[in-house]
Protein chains: 2
Amino acid sequence: MELRQLKYFVRAAELLNFTQAAEDLFITQSTLSHQIKELENSLDTLLFDRIAKRVRLTEAGEVMLQYARKTIHQAEESRQVLLDLNNMKSGKIIIGSTYGLQELLMESIVEYNEKYPDIEIQIIYGSTTDLLQKILDYKIDCMLSFMSELGHNELMINKLFSAHLSLIVHQSHSWAKLKKVALEKVTALPLALPSQSYSIRNLLDKLLDDKGIPLHTKMEINDIHSLLQLANTNKWSTILMHTSLFDFKELKAIPLEGKNTVREATIAISKGIYHKKSLVLFQEILLKKSEVYRNE
Amino acid sequence: MELRQLKYFVRAAELLNFTQAAEDLFITQSTLSHQIKELENSLDTLLFDRIAKRVRLTEAGEVMLQYARKTIHQAEESRQVLLDLNNMKSGKIIIGSTYGLQELLMESIVEYNEKYPDIEIQIIYGSTTDLLQKILDYKIDCMLSFMSELGHNELMINKLFSAHLSLIVHQSHSWAKLKKVALEKVTALPLALPSQSYSIRNLLDKLLDDKGIPLHTKMEINDIHSLLQLANTNKWSTILMHTSLFDFKELKAIPLEGKNTVREATIAISKGIYHKKSLVLFQEILLKKSEVYRNE
DNA sequence: TAAATCAATCGAAAATTTCGATTATAAAAT
DNA sequence: ATTTTATAATCGAAATTTTCGATTGATTTA
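Residues numbered from 1 in each chain as written. Chains lettered and ligands numbered in written order. Predicted model: local features only at pLDDT ≥ 70, side-chain atom pairs only at ≥ 80, totals over all residues. Heavy atoms only, no water.

Looking at an unreviewed UniProt entry, one finds chain A named LysR substrate-binding domain-containing protein and attributed to Flavobacterium quisquiliarum. Note on chain A: under the UniProt heading Sequence similarities (unreviewed entry), the record states "Belongs to the LysR transcriptional regulatory family." (UniProt positions renumbered as here; feature names shortened; annotations may be inferred.)

> Looking at this structure, how should I read the protein's contact with DNA strand C?
In the vicinity of DNA strand C lie 23 residues, with S30 and A52 of chain A together with S33, K37 and R50 of chain B positioned nearest. The protein-proximal atoms of DNA strand C, defined as those within 4 Å of the protein, are 66% sugar or phosphate. Of all the elements in the fold, those that place two or more residues in the surface near DNA strand C are α1 (3–15) and α3 (29–43) of chain A together with α2 (18–24), α3 (29–43) and β2 (54–57) of chain B. Each residue belonging to the surface near DNA strand C can be placed in one class, and the counts come to six nonpolar, 11 polar and six charged. (Near = heavy atom within 4 Å. Helix = DSSP H or I, 4+ residues; strand = E, 2+ residues; numbered from the N terminus. Nonpolar A, V, L, I, M, F, W, Y, C, P; charged D, E, K, R; others polar.)

> Before we go on, may I ask you to explain the protein's contact with DNA strand D in this structure?
Taken together, 22 residues surround DNA strand D, and among them S33, K37 and R50 of chain A together with R4 and T28 of chain B come closest. In DNA strand D, the atoms that sit within 4 Å of the protein are 67% sugar and phosphate, with bases accounting for the remainder. Q29 of chain A has a polar side-chain atom sitting 2.8 Å from a base nitrogen of DNA strand D. Those elements giving two or more residues to the surface near DNA strand D turn out to be α2 (18–24) and α3 of chain A together with α1 (3–15) and α3 of chain B. Split into classes, the residues belonging to the surface near DNA strand D amount to six nonpolar, 10 polar and six charged. (Polar contact = N/O pair within 3.5 Å; in protein donor to acceptor, adjacent residues only side chain to side chain.)

> Looking at this structure, I do not really get the side chain of T45 of chain B. What am I missing?
Mapped onto the secondary structure, T45 of chain B falls in the loop between α3 and β1 (48–51). Among the residues examined, T45 of chain B registers a relative accessible area of 11% and is labelled buried. Sequence-distant contacts of T45 of chain B, that is, excluding residues within four places in its chain, are made with L82 and N86 of chain A together with E40 and A60 of chain B. (Buried < 20%, exposed > 50% of the residue type's maximum accessible area, 1.4 Å probe, protein only. Contact = heavy atoms within 4.5 Å.)

> Just to check I follow, could you spell out the relation of the copies chain B and chain A for this structure?
Relating one copy of the chain to the other takes a rotation about an axis and a shift parallel to that axis. Turning chain B through 179° and shifting it by 0.1 Å along the axis lays it on chain A, with an RMSD of 0.3 Å. What we have between these two chains is a two-fold relation. Comparing interface residues between copies, 100% of those in chain B also sit at the interface in chain A, which points to an isologous, same-surface contact. (Least-squares fit on C-alpha atoms with pLDDT ≥ 70 in both.)

> Whenever I open this one, the interface of chain B and chain A confuses me. Can you help?
A common way to report how large an interface is uses the accessible area buried once the components associate. Opposite the 25 residues of chain B that make contact, chain A presents 25 residues. The interface formed by chain B and chain A includes two salt bridges. If you list the elements that add at least two residues to the side of chain B that touches chain A, you get α1, α3 and α4 (59–85) of chain B. Among the residues making up the side of chain B that touches chain A, the classes are represented as 13 nonpolar, six polar and six charged. (Salt bridge = Lys/Arg side-chain N within 4 Å of Asp/Glu carboxyl O.)

> Help me understand the packing of α1 of chain A against α3 of chain A in this model?
Residue and element names in this part refer to chain A. Running from N to C, α1 and α3 point in directions that differ by 110°, and their axes come no closer than 9 Å. In this view, α1 runs roughly perpendicular relative to α3, as classed from their interaxial angle. For the pair α1 and α3, the sense of crossing is left-handed. Touching R4, Q5, L6, Y8, F9 and A12 of α1 are L32, Q35, I36, E38 and L39, all from α3. (Axes fitted to C-alpha atoms, helices over the stretch in contact; angles between N-to-C directions. Parallel < 35°, antiparallel > 145°, perpendicular 65-115°, else oblique. Left-handed = near helix turned anticlockwise from the far one by under 90°.)

> Teacher, can you tell me more about unusual backbone geometry here?
Across the chain, the bulk of peptide bonds are trans and the bulk of non-glycine residues have phi less than zero. Residue and element names in this part refer to chain A. Unusually for a residue other than glycine, L16 sits at a positive phi of about 50°. Looking at where L16 falls in the secondary structure, it is placed in the loop between α1 and α2. Notably, F26 is not glycine yet its phi reads approximately 60°, a positive angle. Mapped onto the fold, F26 is located in the loop between α2 and α3.

Shown next as structure tokens:
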């Protein structure tokens, strides 16, 4: 068993396609096949079922996948600790985030990169569920999302700010001066909404469902900026967290009434892993940048 | 970085002598030198200081040693999980124990080996302190010793039985019928005592010190059986846990009076690691065998 | 001063990893 | 029903890595 073989195995197990995995790893399929077999021999256990030139994981393979990831992560962690020890302020940080926190994230990484130009940054957007899985698989170092601080024992969750689910309208809209608005009312407006993959949309759907309010979506978009641009035309309105309209000066956010219309923006980091300096430094900047939102 | 290199490094770091380490690893010194250098290159960090053909760990090396052990352990853990998954009842178990629990341990491993003949057993005797270090370094799977159940957050500690610190005399000794004896009295007898490396001796020294009783040791031996054999001649007495004289039918254990003369025999297992079946099975047998002692 | 110890180095041998081409099998497309 | 496509295994050769044995040079010990 060697780390190289574990890395090969993980990729093969993830793609369940040796040819693609080999390409991904910059080796030939032949080599991958060979090394997987070698790993299986050393473990005395088949990791893949070979059903007629297709592969799928055996039960042992499923288990091994997790342990292989853990072992590889452990090895990489030691490399990172040495970097930190040398106070290198280098290496790589992989940040997972939901779209809803894109604005804050962008501001933060700009400052982060200015301060620590040698740290490589990778950002992966995804739903909260996606990100939770990725954090368990050691694919991301931390995740920014709107989530409860409870119910995740293996995560260290820090609150960034609270955000109101809000109706977003143009300043010349007749409702623009309202201090709050009832959920029942907004469905009457022409609404452009984020698509189902956004947690904010799930929240909205749930709130409407609880009150039995029907919703006829006329416009559904997979991009926050597009929604804001539409709202900026004053022909549509949208529903987002109030913190999302940052640089659209002509838009107004009107908080929705009712319980459960407030969500906590958080950063979550796995408790079990070593908290590398690059990660701690990022969190510091993120918390500082969040202050602006906290006082709104 | 490969597991092979990490294994080489750990041994080299432990022995701080490349020649010996190489011998230990069944490779040549040349190979070891080369592979260590390769590892250092891949980490971009020197792990050893080379002061004129001698080696010692750099700060980074010290840190790396821990992480290397952890990584290797993680890899081995995955192998063990697969064995367990196949219900193999095989593999290897390394048991650390203090001498004071040798008797119980022997009885247990006899039954253990009868039931699971395919599991390889290795036993390492050492002081409680030694064993604690070894358990942290992943060198033993569990440890049997007399220790407090508290103050070790990272360990899962199970109580086996309580043992009294006792004066051990021959049945024909004039004190043989006593139900208990005061600490002050025993120093008058010709005593053969376990050496300082035994926790029981530390306990005794501490109790005497607390009461300001001076002790003039006439005989100090590094082996429990030898002490018992001496006591069996009726020319000497000794002080041990009452459970230690098991198959010496002509010896009597007389409990010492006072507080803190009772110690808990325990089995401790690291919380962080995977509890492999071989280990769980061993613990079961051990607990069963302990019953005899519990009712004394 | 001589002998012993020890890590680095070097070139060659051995082992392993990787590659490219081919084969075999099943699924998909025609 | 037949052909095409996709895929993993296999095989021999090439490339690379690992290991070895011998030597060197520097230091400590006798």
